[in-house]
Amino acid sequence: MAMTLRLPEDDDRMLTERAAAERRSKQEIAVEAIHRHLAGRDEFVDVSIDEIMAEDAELLDRLSK
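Please read these numbers as outputs of a predicted model, since none were measured by experiment. (Residues numbered from 1 in each chain as written. Predicted model: local features only at pLDDT ≥ 70, side-chain atom pairs only at ≥ 80, totals over all residues. Heavy atoms only, no water.)

Visitor: Explain the overall build of the protein to me, and be specific about the residues and the numbers.
Guide: Counting its secondary structure elements, the protein contains three helices and zero strands. Ordered by position in the sequence, the α and β elements of the protein form the string α-α-α. A globule of 65 residues ought to have a C-alpha radius of gyration of about 11 Å, yet the protein, at 20 Å, is considerably larger. Taken over 65 residues, the protein has a buried fraction of 6%. Here the protein holds 10 positive side-chain charges and 17 negative ones, and the gap between their average locations is 6 Å. (Helix = DSSP H or I, 4+ residues; strand = E, 2+ residues; numbered from the N terminus. Rg over C-alpha atoms; globule rule 2.2 N^0.38 Å. Buried < 20%, exposed > 50% of the residue type's maximum accessible area, 1.4 Å probe, protein only. Lys, Arg positive; Asp, Glu negative; His and termini not counted. Charge placed at Lys NZ, Arg CZ, Asp CG, Glu CD.)

In structure tokens:
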């Protein structure tokens, strides 16, 4: 699916420089960044839920009854 991405001038410049340095397209760099962000976000949510469950186990147990 096609998508147009409008970036601020500074961000476009940084993306252009990174793509040139890695000899990759700007699209490849952007897609990789999106994938990393989304995967990292899922991991962050999972870790946060685990921490809450551990810290509030007693309270959650009482509330479930």
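Visitor: Describe the pattern of salt bridges, and please don't skip the residues or the numbers.
Guide: Counted under the stated rule, the structure contains eight salt bridges. Where Asp10 meets Arg13, a salt bridge forms, and the shortest distance between an N and an O atom there is 4.0 Å. Of the two residues, Asp10 and Arg13 are both situated in helix α1 (residues 9-22); the distance of three residues between them amounts to about one turn of the helix. For Asp10, a relative accessible area of 48% corresponds to the partly exposed category. Here Arg13 falls in the partly exposed class, since its relative accessible area comes to 41%. Within the structure, one salt-bridge network assembled from shared partners comprises Arg18, Glu22, Arg24, Glu32 and Arg36. (Salt bridge = Lys/Arg side-chain N within 4 Å of Asp/Glu carboxyl O.)

Visitor: Please give an account of unusual backbone geometry that cites residues and values.
Guide: Within the chain, Arg23 stands out as a residue other than glycine whose phi angle is a positive 55°. Structurally, Arg23 can be placed in the loop between α1 and α2 (26-55).

Visitor: Describe the packing of α1 against α2, with residues and values.
Guide: Each pair of packed helices can be described by the angle between their axes along with the distance between the axes. α2 packs onto α1 with a crossing angle of 105° between their chain directions and a minimal axis gap of 8 Å. One finds that α1 runs roughly perpendicular with respect to α2. The segment α1 lies against α2, with Asp12, Leu15, Thr16, Arg18, Ala19 and Glu22 engaging Lys26, Ile29 and Ala30. Grouping the amino acids of the contact of α1 with α2 by side-chain chemistry returns four nonpolar, one polar and four charged. (Axes fitted to C-alpha atoms, helices over the stretch in contact; angles between N-to-C directions. Parallel < 35°, antiparallel > 145°, perpendicular 65-115°, else oblique. Contact = heavy atoms within 4.5 Å. Nonpolar A, V, L, I, M, F, W, Y, C, P; charged D, E, K, R; others polar.)

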